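Analysis of the macromolecular model
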Amino acid sequence: MSAKSSSTIVLGGHKHRYLDTGDSSKPMLLLLHGISCSLDFFEQTIPLLSRSFRVLAFDLLGFGGSAKPKKAPYSLNLYSSLIIEFLAKTRNNENEKTFAVGHSMGGKYLLSTALLYPDSFDKLVLSNTDGFIEQPGWVRGISLPGIKQVLKKVFSSKLVSSKVFNTAFHNPKRVNNVSYKKNLAVSRDKDAIETVMALNRNHKQLDFSKTGLRQQLDRLDIPVLILWGDHDLYISPSIARIVHDEIPGSELYIFKNCGHSPMLEYPESFSNKVVRFLLNDEQ
């Protein structure tokens, strides 16, 4: 998969980069990336998943090859509405099964969408999902005007961005070298860093607890698989147990010797877990 194989779609009045691959007669599988990333974060798993699904993915507003409006009203409601619009515009028919995988921030957006728009998904897979930890006050503070310009320069530098990016993996050398370089370049995009700071400033509208959505998880009545790495330095694996306890009937699997991004460290194992869960094969 490459940027050349992607297309453009308008969602919420903004252009979004997206990918549609695999057999269109098979169940629909939506992939959502995390913060400072793009759909390329799944590029090692997409060829594997497309054997069993029609795979779709898009760069979330503010990231990757999608539009990066500086004054967009970023919120869980906004991202959920964009996800629903994307599904509506790409779905072949209303009765086809729709599955989704969300990584980190993408996992939080999937949960929000499933709660705000019931019956949108048949099953969900959440990998190292965000939404269950409180954002420290200092993170919001560094997004204030005057500070952000300095930090944007710092975090887009090769030295700092490489160190931050490496933290996403237990063993960066396990990641395909081409994927590593591509995704590192995506994380250094200055406009995307601006988006991250905008998300920090809009934290109340993007907080899974403060919006009241976390308290509604008992309404979620679809199967959910939770995947995590046992060496996740971004979101502690201890949070995986909390997510498992709060989502009714969910399943939990912890990858050994793995960081925040199992789809890049263990693409085959990750894909196998997803396929088996979604298609009810034996684990």
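Here the structure is a predicted model, which means the values were calculated and not measured.

How each quantity is defined
- Residues numbered from 1 in each chain as written.
- Predicted model: local features only at pLDDT ≥ 70, side-chain atom pairs only at ≥ 80, totals over all residues.
- Heavy atoms only, no water.
- Helix = DSSP H or I, 4+ residues; strand = E, 2+ residues; numbered from the N terminus.
- Expected span 1.5 Å × (residues − 1).
- Buried < 20%, exposed > 50% of the residue type's maximum accessible area, 1.4 Å probe, protein only.
- Contact = heavy atoms within 4.5 Å.
- Pairing = 2+ DSSP bridges.
- Axes fitted to C-alpha atoms, helices over the stretch in contact; angles between N-to-C directions.
- Parallel < 35°, antiparallel > 145°, perpendicular 65-115°, else oblique.

Digging into helix 3 (residues 105–116)
If you check helix 3, its first and last C-alpha atoms are 17 Å apart, about what 12 residues at 1.5 Å a residue would give, namely 16 Å. Among the 12 residues in helix 3, 11 count as buried, and that is most of the element. By the burial criterion, the buried members of helix 3 are Met105, Gly106, Gly107, Lys108, Tyr109, Leu110, Leu111, Ser112, Thr113, Ala114 and Leu115. Those residues of helix 3 that are buried are in contact with strand 3 (28–32), helix 2 (76–90), strand 5 (98–103), strand 6 (123–127), helix 8 (190–201) and helix 9 (203–206).

Remarks on the sheet that holds strand 2 (residues 14–21)
With respect to topology, 8 strands assemble into an open sheet ordered 1-2-4-3-5-6-7-8, the strand pairing being mixed. Looking at strand neighbours, the two that pair on one side only are strand 1 (7–11) and strand 8 (251–255), the edges of this open sheet. Neighbour to neighbour, the strand axes of the sheet diverge by 25° on average, direction disregarded. When strand 7 (residues 224–229) meets strand 8, the two strands line up parallel, connected through 5 bridges. From the neighbouring strand, Leu227 faces strand 8, where its bridge partner is Tyr253. Its contacts with the sheet put helix 2 on strand 1, strand 2, strand 3, strand 4 (54–58) and strand 5, and the angle it makes with strand 1 is roughly 120°. The strands touched by helix 12 (residues 267–278) within the sheet are strand 3, strand 5, strand 6, strand 7 and strand 8, with strand 6 carrying the most contacts at an inclination of about 155°.

Side note on the packing of helix 2 against helix 3
Closest axis-to-axis distance for the helix 2/helix 3 pair is 9 Å, and the angle between their directions is 80°. The angle between helix 2 and helix 3 places the two elements in the roughly perpendicular class. Where helix 2 approaches helix 3, its residues Leu76, Asn77, Tyr79, Ser80, Ile83 and Ile84 are matched on the opposing element by Lys108, Tyr109, Ser112, Thr113 and Leu116.

A word on unusual backbone geometry
Positive phi is not limited to glycine here, since Ser104 has a value of about 55°. Among the residues examined, Ser104 registers a relative accessible area of 8% and is labelled buried. At Asp119, a position not held by glycine, the phi torsion is positive, near 75°. With respect to the element layout, Asp119 can be found in the loop between helix 3 and strand 6. A residue is classified by how much of its surface remains accessible, and Asp119, at 77% relative accessible area, is exposed.

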